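What follows is each chain in one-letter form.
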Amino acid sequence: MAKSAVFQTKSNTSVFIGTEATMGTAAVAGAALVELPVTDFSFSELAAGGQSLSIAPFRNSGGMTQSDDMVRAQRHDRIYEVSVTFMCTDAATKRVLLNLYEDGASGGISSLIGSMPTTKHYVDGGTNVKQVSLIFREMAHAGEGTDMVFSSCMCTSMQFSGDISSNGGVVMCTAVFQTGYLPTNTTLNYSSLTEVSAQQTVFNMHDLATTTINSGSAEDLVLYSFEMNIERPITRVGFDTAANAFKPHGYSLGGYEVTGSLTVKRDPESLAAIAEATYFALDLDTTVYQILAPKCIIDNASISFDDDGLKNIIPFRATYTGATTATIFSFAGTASDS
Amino acid sequence: MIYKAKDSYKKLDNTKNFVALGCASKHQWLVEGQQINYNQKLPSELKKHLDEVSEDKGAK
């Protein structure tokens with residue numbers, strides 16, 4: 001075949017999360033899609049992209065080399081991964097959190113509580129609506145007009161990171177998704193889109209009105225940067241035939257770990273905030289966007305000896321307390337979220 | 001509006017309760033007998049399994 005003149009560029013795409021009706025089936029043309037205001041992304045290649053090699057040991061005689069019987073494509077356990085970094089907006093962030101822990105409705109506070117997850121059984125062909133399609137417009141090998149689609153993805157980690165001295169103060173989210181299903185190329189005309197143009201308010205460090213740690217009294221911190229990480233691994237279960245692309249029979253879920261870190265000016269407030277063996281409540285609030293973590297414990301506070309003044313680095317782990325319905329982490333994206 | 005779950009709410013599957021609305025935390029609070037605050041329009045099929053409450057006793 002002759003060389004192709006087709007190409008894809010990162011500047012000519014839009015990235016959407018699509019709601020699925022059935023596990024193993026990509027979002028259809030009429031599915032609800034939410035656009036992510038991405039600044040960067042990466043994804044696994046299709047075809048041999050998810051293929052690793054399985055290799056037999058060398059035998060002692062008959063040649064200590066490798067024949068094609070000894071080296072085979074391993075496809076029964078392949079996992080495809082997608083990573084997106086996007087600006088923290090209400091709609092985009094909640095759509096990812098809805099996939100991560102099933103709580104992310106518009107108009108509501110998105111909360112990870114002690115008794116989650118609610119849905120634990122993910123089976124191929126099942127009518128769970130939690131797994132999502134990740135759609136990269138114009139990103140297929142055929143370029144313009146064809147999309148790269150990763151179906152039945154599960155978010156395995158979501159990181160919020162904000163730094164007042166970089167990215168214009170915009171809080172960035174980095175979400176990693178995994179799927180055991182083979183990616184595809186499509187040319188669907190999607191009709192139900194919540195595009196970035198409708199997501200006009202962005203979480204910005206310069207808008208923070210409250211930056212407190214409360215372990216008995218509220219310590220008001222001069223916050224330079226923060227990170228908040230929510231991780232939840234998944235494992236694919238089983239494998240179908242080669243004719244069905246070794247698709248999984250389902251997914252198994254791992255547990256949630258919520259960790260974070262604050263970088264603050266080192267002062268009497270920060271000293272009171274790092275009391276040993278004491279749990280604290282974190283509150284970061286712009287009066288529109290708010291991150292709460294009511295029961296955190298510090299994991300080795302340290303000092304950063306910077307030229308612009310010493311800072312405390314406060315890593316922590318968020319937990320729940322008491323009843324399993326207690327909150328570990330919550331995110332609000334509008335002033336009226338309830 | 002503040003709501004509490006009727007007994008019938010607990011029999012709904014996850015395609016008909018608050019999990020289907022993307023509010024798994026509100027679903028779990030209702031199942032545990034707590035009040036929730038929900039200001040969006042409720043599907044009528046779901047609303048009949050909830051009681052509207054006038055007094056806020058720590059609604060989530």
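Now for a look at the structure at hand.

Rules used throughout
- Residues numbered from 1 in each chain as written.
- Chains lettered and ligands numbered in written order.
- Predicted model: local features only at pLDDT ≥ 70, side-chain atom pairs only at ≥ 80, totals over all residues.
- Heavy atoms only, no water.
- Helix = DSSP H or I, 4+ residues; strand = E, 2+ residues; numbered from the N terminus.
- Rg over C-alpha atoms; globule rule 2.2 N^0.38 Å.
- Buried < 20%, exposed > 50% of the residue type's maximum accessible area, 1.4 Å probe, protein only.
- Contact = heavy atoms within 4.5 Å.
- Areas by Shrake-Rupley, 256 points an atom, 1.4 Å probe, with all protein chains shown as cover.
- Lys, Arg positive; Asp, Glu negative; His and termini not counted.
- Charge placed at Lys NZ, Arg CZ, Asp CG, Glu CD.
- Pairing = 2+ DSSP bridges.
- Salt bridge = Lys/Arg side-chain N within 4 Å of Asp/Glu carboxyl O.
- Buried area = accessible area lost by both parts, 1.4 Å probe.
- Polar contact = N/O pair within 3.5 Å; in protein donor to acceptor, adjacent residues only side chain to side chain.
- Phe/Tyr/Trp six-rings, centres within 6.5 Å; stacked < 30°, edge-to-face > 60°.
- Expected span 1.5 Å × (residues − 1).

### Structural notes on the overall build of chain B
In step 1: For chain B, the helix and strand inventory stands at 2 helices and 3 strands.
In step 2: Shown N-terminal to C-terminal, the secondary structure of chain B runs as helices and strands in the order β-α-β-α-β.
In step 3: Taking 60 residues into account, the globule formula puts the C-alpha radius of gyration at 10 Å, and chain B, at 10 Å, falls close to it.
In step 4: Counting over 60 residues, chain B shows a buried share of 40%.
In step 5: Across chain B, contacts joining residues at least 24 apart in sequence account for 62% of those joining residues at least 6 apart.
In step 6: Split by element, the accessible area of chain B, about 3400 Å² in all, is 45% carbon and sulfur.
In step 7: Positive and negative charge centroids in chain B, built from 11 and 8 side chains respectively, lie 2 Å apart.

### Regarding the sheet that holds strand β1 (residues 2-5) of chain B
All names here are of chain B.
In step 1: With respect to topology, 3 strands assemble into an open sheet ordered β2-β1-β3, the strand pairing being antiparallel. Two strands bound the open sheet, and with one partner strand each, they are β2 (36-37) and β3 (50-53).
In step 2: Across 4 bridges, the pairing between β1 and β3 is antiparallel. What sits directly across from Tyr-3, in β3, is Glu-52.

### Brief notes about unusual backbone geometry
All names here are of chain A.
In step 1: For the peptide bond that leads from Met-116 to Pro-117, omega is 10 degrees, which places it in the cis range.
In step 2: Tracing the chain through its elements places Pro-117 in the loop between β7 (110-113) and β8 (122-123).
In step 3: Here Phe-246, not a glycine, exhibits a phi torsion of approximately 50 degrees, which is positive.
In step 4: As for its position among the elements, Phe-246 is in the loop between β17 (234-237) and β18 (250-253).
In step 5: In this model, Thr-287 sits at a positive phi of 80 degrees, which is unusual for a non-glycine residue.

### Side note on the pattern of salt bridges
All names here are of chain A.
In step 1: If you walk through the whole model with that rule in mind, you get 13 salt bridges over all chains.
In step 2: Here Asp-40 ties to Lys-10 by a salt bridge, and the two come within 2.4 Å at their closest N and O atoms. Linking Asp-40 in strand β3 (residues 38-43) with Lys-10 in the segment before β1 (15-19), this pair joins segments that are 30 residues apart in sequence.
In step 3: Linked through salt bridges whose partners overlap, the residues forming this network are Asp-90, Lys-94 and Asp-337.

### Considering the pairing of strand β21 (residues 290-298) of chain A
Residue and element names in this part refer to chain A.
In step 1: Pairing of strand β20 (residues 279-285) with β21 involves 6 bridges; the strand directions are antiparallel. Pairing of Tyr-279 across the sheet is with Ile-297, part of β21.
In step 2: Between β20 and β21, which pair antiparallel one after the other, the connecting turn spans 4 residues, and Thr-287 there sits at a positive phi close to 80 degrees.
In step 3: Of the strand pairs in this sheet, β21 and strand β24 (residues 327-332) are connected by 3 bridges, and their pairing is antiparallel. From the neighbouring strand, Ile-291 faces β24, where its bridge partner is Phe-331.
In step 4: Inspection of the sheet shows β21 paired to strand β23 (residues 309-319) by 4 bridges, in the antiparallel sense. Bridge pairing in β23 places Lys-295 opposite Thr-319.

### Side note on the sheet that holds β18(A)
Residues and elements named next belong to chain A.
In step 1: Spatially, 3 strands are ordered β8-β18-β17 in an open sheet, and the strand pairing comes out antiparallel. Bordering the open sheet on either side are β8 and β17, each of which pairs with just one other strand.
In step 2: Two elements, β8 and β18, share 2 bridges in a ladder whose sense is antiparallel. The residue of β18 that forms the bridge with Val-123 is Gly-250.

### Notes on the interface of chain A and chain B
In step 1: The interface of chain A with chain B comprises 19 residues on the first partner and 17 residues on the second.
In step 2: Summing both partners gives a buried area of about 1300 Å² for chain A against chain B, and 48% of it is carried by carbon and sulfur.
In step 3: When the buried surface of chain A facing chain B is broken down by residue, A:Thr118, A:Thr325 and A:Ser338 rank first, second and third, together holding 40% of it.
In step 4: Here chain A is connected to chain B by 0 salt bridges.
In step 5: Remark: the boundary between chain A and chain B carries 11 residue pairs in polar contact (both at pLDDT 80 or more).

### Focus on the pairing of strand β6 (residues 80-87) of chain A
Residue and element names in this part refer to chain A.
In step 1: Here β3 pairs with β6 via 5 bridges, running antiparallel. Each bridged residue has a counterpart across the sheet, and for Ser-42 the counterpart in β6 is Ser-83.
In step 2: In terms of strand pairing, β6 meets strand β11 (residues 172-179) through 8 bridges, oriented antiparallel. For Val-82, the partnering residue across the bridge sits in β11 and is Phe-177.

### As for the packing of aromatic side chains
Ring pairs (aromatic) are described by centroid distance and by the angle formed between their planes.
Residue and element names in this part refer to chain A.
In step 1: A complete count under the given rule lists 15 aromatic pairs over all chains for this structure.
In step 2: Aromatic pair Phe-41 and Phe-136: ring centres 5.2 Å apart, planes at 45 degrees, arrangement tilted. Taken together, the residues span a long stretch of sequence, with Phe-41 in strand β3 and Phe-136 in strand β9 (residues 132-136) at a distance of 95 residues. Comparing Phe-41 with Phe-136, the two get one shared label, buried.
In step 3: The interplanar angle of 35 degrees and the centroid separation of 6.5 Å between the aromatic rings of Phe-239 and Phe-246 together place this pair among those described as tilted.
In step 4: Here Phe-239 falls in the partly exposed class, since its relative accessible area comes to 43%.
In step 5: By way of ring pairs, the aromatic residues Phe-160, Phe-203, Phe-226, Tyr-289, Phe-329 and Phe-331 are connected into one cluster.

### Examining helix α1 (residues 90-101) of chain A
All names here are of chain A.
In step 1: The end-to-end C-alpha separation of α1 is 16 Å, in line with the 16 Å expected for 12 residues at 1.5 Å each.
In step 2: Counting buried residues along α1, 10 of its 12 residues qualify, which places the element largely inside the surrounding structure.
In step 3: Residues Asp-90, Ala-92, Thr-93, Lys-94, Arg-95, Val-96, Leu-97, Asn-99, Leu-100 and Tyr-101 constitute the buried set of α1.
In step 4: The backbone nitrogen of Ala-92 lies 3.4 Å from a side-chain oxygen of the residue at the head of α1, namely Thr-89.
In step 5: Looking one or two places after α1, you find Glu-102, whose phi comes out positive at around 65 degrees.

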